[in-house]
Amino acid sequence: MGVGFGRSKVGDLAFQVFNRSLHPDWFATREFRRVEQTGWEADLRIIDGGHSIVFRSGSIRITEILSGPETTLPDLGLLFRSHLRRERSTLLRPGGTIEYQSCLEVEHVDREIFSHLCDEIAIQCSGHFLFHRFHSSNRLAPQPISHIQINARVRDLSIQSFHAFPDECAIVRTQSLFELKNPTPKR
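In every chain, residue numbers begin from 1 and rise along the written sequence. Only residues with pLDDT of 70 or above have their local features reported here, since the model is predicted, and side-chain atom pairs are shown and tallied only from 80 upward, although totals for entire chains, interfaces and linings are computed over all residues. Note that the side-chain values use all heavy atoms of the structure and ignore hydrogens as well as water.

Thoughts on the pairing of strand 2 (residues 29–37)
Step number 1: Whether two strands pair depends on DSSP finding at least two bridges between them. The numbering of helices and of strands both runs from the N terminus, where a helix is a DSSP run of H or I of at least 4 residues and a strand a run of E of at least 2. The pairing of strand 2 with strand 3 (residues 40–47) spans eight bridges and is antiparallel. When the bridges of strand 3 are listed, glutamate 36 appears paired with glutamate 41.
Step number 2: The hairpin turn running from strand 2 into strand 3, its antiparallel successor, is two residues long, and glycine 39 in that turn takes a positive phi close to 100°.

Below, the structure is given as structure tokens:
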């Protein structure tokens, strides 16, 4: 399990982007929400080890996955893969009608700050969030949590995620933007 007992180390996580949908049976889903606007829809999941976002607009699909090594994914349609050893950003334009941007980072903090950050995140959850508290392997440590903030507009979807790894006092943050672009007129 990615965020439960026998949890992955942050350095073993992978951030991957595909130009196709991946079936939800590839992951252990803990929380789920579908977000829809005219012209696009997205399925958001908190999974063991991180999250999954499948964004669909017309025939274009983009899937973003943050997961541990226990989640084996196919290589078919892989556009981007990065391990979480340093801050990374990417910009992709699959199909020319969607622009996808992401940024990810890992922050290690002292235990007191880590506990305070986790408490603040747990308190601020509301209707525009997905939140899950995982079981802890240490009853004295904060529980691992995952939190996804959703900001849906007519032409774009903005996602901020926060994943807490208490054994390492590490916070994994991602920011992603899925934006519909006007197709370039043909001459």
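Concerning the pattern of salt bridges
Step number 1: By salt bridge we mean one thing: a side-chain nitrogen of Lys or Arg within 4 Å of a carboxyl oxygen of Asp or Glu. A complete count under the given rule lists nine salt bridges for this structure.
Step number 2: Of the charged contacts in the structure, one is a salt bridge between glutamate 179 and lysine 181, with a shortest N-O distance of 3.5 Å.
Step number 3: One network of salt bridges, in which partners are shared, links Arg34, Glu41, Asp43 and Arg56.

Looking at the sheet that holds strand 2
Step number 1: Here six strands make up an open sheet; going across it, the order is 2-3-4-5-1-6 and the pairing antiparallel. If you trace the sheet from one side to the other, it starts and ends with strand 2 and strand 6 (78–83), each paired once. Taken pair by pair, the neighbouring strands of this sheet meet at an average axis angle of 10°, ignoring direction. Here an angle of 0 to 180 degrees is reported between the N-to-C directions of two axes, which are lines fitted to C-alpha atoms, with helices fitted over the stretch in contact.

Focus: the nonpolar core
Step number 1: Core analysis: the biggest nonpolar cluster contains 31 residues, and Phe15, Leu44, Phe55, Ile150, Leu157, Ile159 and Phe178 have the highest contact counts within it.
Step number 2: Listing elements by their share of this core, those giving two or more residues are strand 1 (14–18), strand 3, strand 4 (50–57), strand 5 (60–67), strand 8 (98–108), strand 10 (145–152), strand 11 (156–165) and strand 12 (170–180).
Step number 3: Side-chain atoms within 4.5 Å link the members of a nonpolar core, which is a set of buried Ala, Val, Leu, Ile, Met, Phe, Trp, Tyr and Cys residues. Burial classes follow relative accessibility: with a 1.4 Å probe on protein chains only, a residue under 20% of its type's maximum area counts as buried, one over 50% as exposed, and anything between as partly exposed. Core analysis: the second largest hydrophobic core is formed by 10 residues, Val109, Cys118, Ala164 and Ile171 among them.

Things to note about the packing of aromatic side chains
Step number 1: Any two rings among Phe, Tyr and Trp, with Trp reduced to its six-membered ring, count as a pair given centres within 6.5 Å; such a pair is stacked if its planes are under 30 degrees apart, edge-to-face if over 60, and tilted if neither. Counted by the stated rule, this structure contains four aromatic pairs.
Step number 2: Judged by centre distance (6.4 Å) and plane angle (75°), the ring pair of phenylalanine 15 and phenylalanine 80 falls under edge-to-face. Placement of the pair is phenylalanine 15 in strand 1 and phenylalanine 80 in strand 6, with a sequence separation of 65 residues.
Step number 3: Among the residues examined, phenylalanine 15 registers a relative accessible area of 0% and is labelled buried.
Step number 4: Seen from their ring centres, tyrosine 100 and phenylalanine 178 are 5.1 Å apart, and the 55° between their planes marks the pair as tilted. In this pair, tyrosine 100 sits in strand 8 while phenylalanine 178 sits in strand 12, placing the two residues 78 residues apart along the sequence. For the residue pair tyrosine 100 and phenylalanine 178, the accessibility class agrees, reading buried in each case.
Step number 5: Three or more aromatic residues joined by ring pairs make a cluster, and in this case those are Trp40, Phe55, Tyr100 and Phe178.

Observations regarding the sheet that holds strand 8
Step number 1: Strand order in the open sheet made by the six strands is 7-8-12-11-10-9, with antiparallel pairing throughout. A strand with exactly one partner marks an edge of an open sheet, and here the two such strands are strand 7 (88–92) and strand 9 (129–133). Across this sheet, the average inter-strand angle for adjacent strands is 10°, counted without regard to direction.
Step number 2: Contact definition: two residues touch when any of their heavy atoms are within 4.5 Å. Sheet strands in contact with helix 1 (residues 111–123) are strand 9, strand 10, strand 11 and strand 12, and its direction is about 140° off that of strand 11.

Quick notes on the environment of arginine 86
Step number 1: Within the element layout of this structure, arginine 86 appears in the loop between strand 6 and strand 7.
Step number 2: With 69 residues separating them along the chain, arginine 86 and arginine 155 place their C-alpha atoms 30 Å apart.

With respect to the environment of serine 176
Step number 1: Secondary-structure assignment places serine 176 in strand 12.
Step number 2: Using a relative accessible area of 3% as the deciding quantity, one classes serine 176 as buried.
Step number 3: Along the primary structure serine 176 and leucine 91 are separated by 85 residues, whereas in three dimensions their C-alpha atoms are 9.9 Å apart.
Step number 4: Polar contact is defined as a pair of N or O atoms within 3.5 Å, subject to the rule that within protein one atom must be able to donate a hydrogen and the other to accept it, and that residues adjacent in sequence are counted only when both atoms are side-chain atoms. For serine 176, the side chain forms a polar contact with the side chain of glutamate 64, separated by 2.5 Å.

Read these as geometric descriptors, not functional statements.
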